[in-house]
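Now for the letters of each chain:
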Amino acid sequence: MKKLIYAALLAGALTLSSSCTDDLNQTPHIETTSGNVYNEPSNYKQVLAKLYASFVINGQEKGGGNADLNSNNGQDYMRCYFNLQECGTDEVASTWLEGDKVGDLTYLSWDANDTWVSDMYYHIYYTIALCNEFLRNAGDEQIAGFSEDDQTNIRHYRAEARFIRALTYFHALDLFRNIPFVTENDPIGSFIPPRYTGKQVFEYIESELKEIDNDLLSRTEAEYGRASKAAAYTLLAKLYLNAKIYTGTERYTDCITACNQVIAEGYSLEPEYAKLFNADNHKRTNEIIFPLAVDAEHTVSWGSTTYIICGEVSNTSDYQKPEKYGVTQGWGMFRVRGEVPALFGEGDGRAMFFTEGQTQYLDAIDSQNNGYFVEKWTNLTDEGKAASNTVDGGVNTDYPMFRLADVYLMLAEAVVRGGQGSNTATALGYINQLRERAFGSDAGNITNGELTPDFILDERARELYWECTRRTDLIRYDKFTTSTYLWQWKGGVKDGMAVDNKYNIYPIPQTDLTANPNLYNENY
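1. Re the side chain of T95
Right, on to step 1. Its location among the elements puts T95 in the loop between β5 (93-94) and α5 (103-107).
Right, on to step 2. Assessed through its relative accessible area of 14%, T95 is described here as buried.
Right, on to step 3. Among the polar contacts made by the side chain of T95, one reaches the main-chain carbonyl oxygen of G332 at a distance of 2.8 Å.
Right, on to step 4. Engagement of the side chain of T95 in a polar contact is seen with the side chain of R335, the distance being 3.0 Å.
Right, on to step 5. Those residues in contact with T95 that sit more than four places away from it in its chain are G332, M333, F334, R335, D366 and Q368.

2. Comments concerning empty space enclosed by the protein
Right, on to step 1. For the structure on display, the rule yields two cavities of 30 Å³ or more.
Right, on to step 2. Considered as a void within the structure, the largest cavity measures approximately 190 Å³ in volume.
Right, on to step 3. Around the largest cavity, the lining comprises 19 residues; the ones closest to its centre are Y81, F170, K238, C468 and T469.
Right, on to step 4. Going through the elements one at a time, α4 (77-86), α7 (148-176), α9 (229-241), β12 (399-403) and α17 (470-476) are the ones with two or more residues in the lining of the largest cavity.
Right, on to step 5. Counted by class, the lining of the largest cavity contains eight nonpolar, five polar and six charged residues.
Right, on to step 6. Empty space within the second largest cavity amounts to approximately 50 Å³.
Right, on to step 7. K238, P400, M401, F402, R403, D406, L464, E467 and T469 are the residues that line the second largest cavity.
Right, on to step 8. Element by element, the count of residues in the lining of the second largest cavity is highest for β12, at four residues.

3. Quick word on helix α3 (residues 41-53)
Think of an α-helix as turning once every 3.6 residues; residues three or four places apart then point the same way.
Right, on to step 1. Counted residue by residue, α3 has eleven buried out of 13 residues, so it is predominantly covered.
Right, on to step 2. Every buried residue of α3 is listed here: P41, N43, Y44, Q46, V47, L48, A49, K50, L51, Y52 and A53.

4. Some thoughts on the environment of D382
Right, on to step 1. Relative to the helices and strands, D382 is located in the loop between β11 (373-374) and α13 (390-393).
Right, on to step 2. By relative accessible area, D382 is classed as partly exposed at 26%.
Right, on to step 3. On a C-alpha basis, the gap between D382 and F455 in space is 32 Å, while along the polypeptide they are 73 residues apart.
Right, on to step 4. Contacts of D382, omitting those with residues within four sequence positions, involve K275, N278, D280, K283 and R284.

5. Re the confidence of the model for the protein chain
Caution applies to low-pLDDT parts of the model: their predicted coordinates are not meant to be read in detail.
Right, on to step 1. In this model, the protein chain carries a mean pLDDT of 92, and residues with pLDDT of at least 70 account for 91%.
Right, on to step 2. Counted against residues more than four places away or in other chains, residues 10-32, with its pLDDT under 50, gives 71 contacts.

6. Focus on the pairing of β12
Right, on to step 1. Of all five residues in β12, five are buried; the element is thus mostly enclosed.
Right, on to step 2. Taken together, the four bridges between strand β8 (residues 288-292) and β12 define a ladder with antiparallel strand orientation. From the neighbouring strand, P291 faces β12, where its bridge partner is P400.

7. Some thoughts on the pattern of salt bridges
Right, on to step 1. One pass over the full model with this rule turns up 44 salt bridges.
Right, on to step 2. Between E184 and R165 there is a salt bridge, with its nearest N and O atoms 2.5 Å apart. Here E184 is found in the loop between β6 (179-180) and β7 (195-196), whereas its partner R165 is found in helix α7, with 19 residues between them in sequence.
Right, on to step 3. The exposure class assigned to E184 is partly exposed, which follows from its relative accessible area of 22%.
Right, on to step 4. For R437, the salt bridge is made with E287, and the minimal N-O distance between the two is 2.6 Å. Of the two residues, R437 is situated in helix α15 (residues 424-439) and E287 in the loop between α11 (252-263) and β8; the sequence distance between them amounts to 150 residues. With respect to burial, R437 and E287 carry one shared label: buried.

8. A few points about the layout of surface pockets
Right, on to step 1. The space that makes up the largest pocket amounts to roughly 290 Å³.
Right, on to step 2. Looking at the largest pocket, it is lined by 20 residues, and the ones nearest its centre are R177, N501, K502, N504 and I505.

9. So, a negative patch on the surface
Right, on to step 1. Taken together, the side chains of E98, D104, D111 and D366 define an acidic patch exposed on the protein surface.
Right, on to step 2. You can see D111 is positioned in the loop between α5 and α6 (115-136).

10. Concerning the packing of aromatic side chains
Right, on to step 1. Tallying each qualifying case throughout the model produces 36 aromatic pairs.
Right, on to step 2. Between F181 and Y196, the ring centres sit 4.1 Å apart and the planes meet at 10°, which makes this aromatic pair stacked. Of this pair, F181 sits in the loop between β6 and β7 while Y196 sits in strand β7; the two residues are 15 residues apart in sequence, bridging distant segments of the chain.
Right, on to step 3. Each ring, one from F334 and one from W466, has its centre 5.9 Å from the other, and the planes form 80°; the classification is edge-to-face.

11. Some remarks on the environment of N521
Right, on to step 1. Mapped onto the elements of the fold, N521 is located in the segment after α18 (510-515).
Right, on to step 2. Sequence spacing of N521 and W110 is 411 residues, and the spatial spacing of their C-alpha atoms is 13 Å.
Right, on to step 3. Look past the residues within four positions of N521 in its chain and what remains in contact with it is A112, P507, I508 and L513.
Right, on to step 4. Here the side chain of N521 touches I508 through a polar contact of 2.9 Å, landing on its backbone nitrogen.

12. Side note on the nonpolar core
Considering soluble globular proteins, one finds that nonpolar side chains tend to be buried as a cluster.
Right, on to step 1. Among the nonpolar cores identified, the biggest contains 160 residues, and M78, F134, F163, I205 and F290 are the most heavily contacted of them.
Right, on to step 2. When residues in this core are grouped by element, the largest group, 14 residues, is from α7.
Right, on to step 3. If near-sequence neighbours (up to four positions away) are discounted, F290 is found in contact with Y52, F163, L167, G225, R226, A227, A231, Y399, P400, M401 and F402.

Parameters and conventions
Residues numbered from 1 in each chain as written. Predicted model: local features only at pLDDT ≥ 70, side-chain atom pairs only at ≥ 80, totals over all residues. Heavy atoms only, no water. Helix = DSSP H or I, 4+ residues; strand = E, 2+ residues; numbered from the N terminus. Buried < 20%, exposed > 50% of the residue type's maximum accessible area, 1.4 Å probe, protein only. Polar contact = N/O pair within 3.5 Å; in protein donor to acceptor, adjacent residues only side chain to side chain. Contact = heavy atoms within 4.5 Å. 1 Å grid on protein atoms, 1.4 Å probe; cavity = no way out; pocket = protein on both sides within 12 Å on 5 of 7 lines; lining within 4 Å. Points joined across faces, edges and corners; volume = space filled by probe spheres on them. Nonpolar A, V, L, I, M, F, W, Y, C, P; charged D, E, K, R; others polar. pLDDT = per-residue confidence, 0-100. Pairing = 2+ DSSP bridges. Salt bridge = Lys/Arg side-chain N within 4 Å of Asp/Glu carboxyl O. Patch = residues over 30% accessible without salt bridge, like charges linked within 9 Å, V, L, I, M, F, W, Y side chains within 5 Å. Areas by Shrake-Rupley, 256 points an atom, 1.4 Å probe, with all protein chains shown as cover. Lys, Arg positive; Asp, Glu negative; His and termini not counted. Charge placed at Lys NZ, Arg CZ, Asp CG, Glu CD. Phe/Tyr/Trp six-rings, centres within 6.5 Å; stacked < 30°, edge-to-face > 60°. Core = buried A, V, L, I, M, F, W, Y, C linked by side-chain atoms within 4.5 Å.

Following this line, the structure appears as structure tokens:
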């Protein structure tokens with residue numbers, strides 16, 4: 001079976017559900033009691049599977065039915081995350097501005113009542129609540145009565161739960177910055193979480209990822225879909241690369257150290273770029289470091305990669321055929337703004353855009369005829385066959401949360417920004433490996449003099465578009481809200497304009513400000 005970690009979830013009768021109301025530290029409601037769940041070692045893996053699945057599904061039934069979390073839009077974590085990371089950037093032009101309620105995200109004009117911002121916030125804290133509940137029941141005292149082998153396995157599970165919590169806290173830090181903070185050590189019920197600054201959250205994530213290193217499995221030991229040591233190193237690298245934004249202090253040398261730790265695990269680039277994003281991408285463990293497993297039978301939602309793949313296919317074009325992408329029908333939700341295709345040189349195979357009948361630039365952002373459709377993601381197997389019926393079950397393509405190409409790009413950026421522990425020649429070699437894959441030869445290789453921070457930002461767009469990095473990258477380069485870089489419809493005008501720099505951070509939802517007197521938004 002492809003999605004092994006989810007097999008544990010499906011094998012058991014455990015069902016968790018929750019609604020985030022006033023207290024972000026609520027214990028998720030468990031239909032069987034915690035005492036019954038945690039009295040068998042095998043049940044720990046079922047709960048761990050639920051932690052992983054919380055990124056890609058929103059309920060116990062197909063398409064998010066019997067929802068875990070009551071939310072405005074009723075969609076899963078990754079649909080929210082994609083919208084917040086991509087819709088306001090040059091990488092996405094949304095068609096369903098009103099229908100999908102993404103107009104304010106698209107125009108960088110949201111407020112503390114935005115439904116997608118609120119849903120993202122509560123999805124993050126729902127996953128944190130699941131992790132905290134798991135960890136309360138997985139301490140050494142709680143598992144002391146099990147066999148030594150079972151205790152060893154649960155310690156691995158415990159480290160993975162801490163990784164998942166660190167990842168969600170990283171998303172909270174990046175999106176919201178100064179946030180409520182709660183762990184398994186805090187009381188349940190009437191506890192009101194304190195407000196942590198970005199620096200405090202940064203330090204917590206860093207310490208967690210370092211502390212769990214010995215208990216995480218190596219790359220070769222970890223079951224598919226589970227976080228290994230390399231996943232923790234990659235998250236550390238991302239944390240350090242953006243440290244100046246989060247804390248005011250550069251940590252580029254530490255970023256290089258973390259990248260080198262990932263590289264030392266023995267990963268290699270997948271020869272065919274497109275195969276990283278098809279329905280057989282679970283086979284790309286040479287490059288994909290940490291995937292979110294998506295299964296068209298067992299983890300069906302209308303978010304995650306189903307949202308991306310069905311969303312990239314037109315539902316009005318006379319030219320674009322859904323079967324070419326392994327989908328039953330297109331949704332026509334997304335195109336790319338014209339500035340991103342303009343970044344690609346001739347012969348770059350990563351420029352995967354459908355252009356027939358389309359204009360490159362956008363007279364209207366919500367017209368399906370304006371902007372190229374992206375062809376990077378598919379629901380096709382390696383043999384070119386549709387992996388599933390997307391009307392009945394969504395796609396079967398995993399989401400590569402972390403992959404080696406990003407690690408190469410992070411190391412190169414940290415080097416050119418002055419970090420120690422590597423050198424320009426090494427960084428250049430990694431960048432040219434990416435470009436040789438893209439061009440099929442050394443025709444696209446660059447020289448030392450071309451390896452600049454701005455080149456790397458553009459290369460990140462060429463390599464990582466629609467992989468939920470663009471907003472964070474533009475903020476790190478001070479280009480997201482400023483006039484330094486304008487793209488069409490930035491700020492809601494055709495030629496683009498600068499917006500208030502408060503939009504570098506999303507607001508904590510008004511509902512939680514009311515519930516928790518420790519919280520406030522500086523600029524909203």
